Amino acid sequence: MQTTYVMVKPDGVQRGLVGEIINRFERKGLRLVGLKSIIPSMELVEQHYAVHKERPFYSGLVEFVTSGPVVAMAWKGVDAISVCRNIIGATNGREADMGSIRGDFGMDIGYNLIHGSDGEETAAFELGLWFPEGLNEWTPVRETWVYE
Ligand code: DAT
Ligand code: MG
């Protein structure tokens, strides 16, 4: 089992795609263990994207992600990190596979609707950053029918 950090960015919220996006993870069989709507601080987003600090798009990215509410989520499941990255799709919406969130709804590399952790270390770091209060552990009854 892995838990991964997923976030609907301000463009996804503004475009009214929050329900659609949550639905995709939920239907897949993932377990929702954290969820909140927040307008993140500059410090929080700078830490979140610290690996990209030297990239030319960094300041624009931080400005964008702090520009309005985001929906922060934690999803748990077997191989949840790669499963969620596949549901999300490639970074550039114009190149992302149809059937993925970015492929179905995105037309841009910056305004790409959603974030998902890219590995175990980043998932642990990002979950600690966005959910310092901790996550909600529970066992969905339906999981009896999700994994054999
Ligand atoms: P991903 O979000 O698919 O993991 P990433 O970690 O490489 O992509 O980059 C983080 C975010 O930065 C990405 O979601 C959108 C933005 N970004 C990446 N490359 C960019 C570029 N060339 N121009 C503008 N924004 C970019
Ligand atoms: Mg990334």
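Residues numbered from 1 in each chain as written. Chains lettered and ligands numbered in written order. Predicted model: local features only at pLDDT ≥ 70, side-chain atom pairs only at ≥ 80, totals over all residues. Heavy atoms only, no water.

### Things to note about the nonpolar core
- Ranked by size, the top nonpolar core spans 18 residues in total, and within it Tyr-5, Met-7, Val-45, Tyr-49, Val-65, Trp-130 and Phe-131 carry the most contacts.
- Broken down by secondary-structure element, the contributors of at least two residues to this core are strand S1 (2–8), helix H3 (42–48), helix H4 (58–65), strand S3 (70–77) and helix H7 (120–130).
- Residue contributions to this core peak at 5 residues, all from H4.
- Excluding anything up to four places from it in sequence, Val-45 contacts Pro-40, Val-62, Val-65, Thr-66 and Trp-130.
- Of all hydrophobic cores here, the second largest spans 17 residues; its members include Leu-17, Trp-75, Ala-80 and Ile-88. (Core = buried A, V, L, I, M, F, W, Y, C linked by side-chain atoms within 4.5 Å. Buried < 20%, exposed > 50% of the residue type's maximum accessible area, 1.4 Å probe, protein only. Helix = DSSP H or I, 4+ residues; strand = E, 2+ residues; numbered from the N terminus. Contact = heavy atoms within 4.5 Å.)

### Structural notes on the pattern of salt bridges
- Overall, the coordinates contain 5 salt bridges when judged by the stated rule.
- The residue Glu-20 makes a salt bridge to Arg-24 at a minimum N-O spacing of 2.8 Å. Of this pair, Glu-20 and Arg-24 both sit in helix H2 (residues 18–28), separated by 4 residues, roughly a single helical turn.
- Note that Asp-104 and Arg-24 form a salt bridge whose closest N and O atoms lie 3.0 Å from each other. Of the two residues, Asp-104 sits in helix H6 (residues 101–105) while Arg-24 sits in helix H2, which places them 80 residues apart along the sequence.
- Here the salt bridges do not stand alone but share partners, grouping Glu-20, Arg-24 and Asp-104 into one network. (Salt bridge = Lys/Arg side-chain N within 4 Å of Asp/Glu carboxyl O.)

### Points about the site of ligand 1
- Around ligand 1, the structure places Lys-9, Tyr-49, His-52, Phe-57, Leu-61, Arg-85, Thr-91, Arg-102, Ile-109, Gly-110 and Asn-112.
- A distance of 3.0 Å is found between an oxygen atom of ligand 1 and a side-chain nitrogen or oxygen belonging to His-52.
- Side-chain polar atom of Asn-112 to an oxygen atom of ligand 1: 2.8 Å apart, as the coordinates give it.
- Here ligand 1 loses 76% of its free accessible area of 510 Å² to cover by the protein chains.
- If you map ligand 1 onto the pockets, it falls in the largest pocket.
- Its residues assigned to classes, the shell around ligand 1 comprises 4 nonpolar, 4 polar and 3 charged. (Near = heavy atom within 4 Å. Polar contact = N/O pair within 3.5 Å; in protein donor to acceptor, adjacent residues only side chain to side chain. Areas by Shrake-Rupley, 256 points an atom, 1.4 Å probe, with all protein chains shown as cover. 1 Å grid on protein atoms, 1.4 Å probe; cavity = no way out; pocket = protein on both sides within 12 Å on 5 of 7 lines; lining within 4 Å. Sits in = over half its atoms within 2 Å of the grid points. Nonpolar A, V, L, I, M, F, W, Y, C, P; charged D, E, K, R; others polar.)

### Considering the side chain of Glu-143
- Mapped onto the elements of the fold, Glu-143 is located in the segment after H7.
- For Glu-143, the contacting residues outside a window of four places in its chain are Met-1, Gly-29 and Arg-31.

### Re the sheet that holds S1
- Overall, antiparallel pairing links the 4 strands, which are arranged S2-S3-S1-S4 in an open sheet. Looking at which strands have only one partner, the edges of the open sheet turn out to be strand S2 (31–38) and strand S4 (114–116). Strand-to-strand twist across the sheet, computed as the mean angle between neighbouring axes with direction ignored, equals 15 degrees.
- On the sheet, H2 packs against S1, S2, S3 and S4 and is oriented at approximately 5 degrees with respect to S3. (Pairing = 2+ DSSP bridges. Axes fitted to C-alpha atoms, helices over the stretch in contact; angles between N-to-C directions.)

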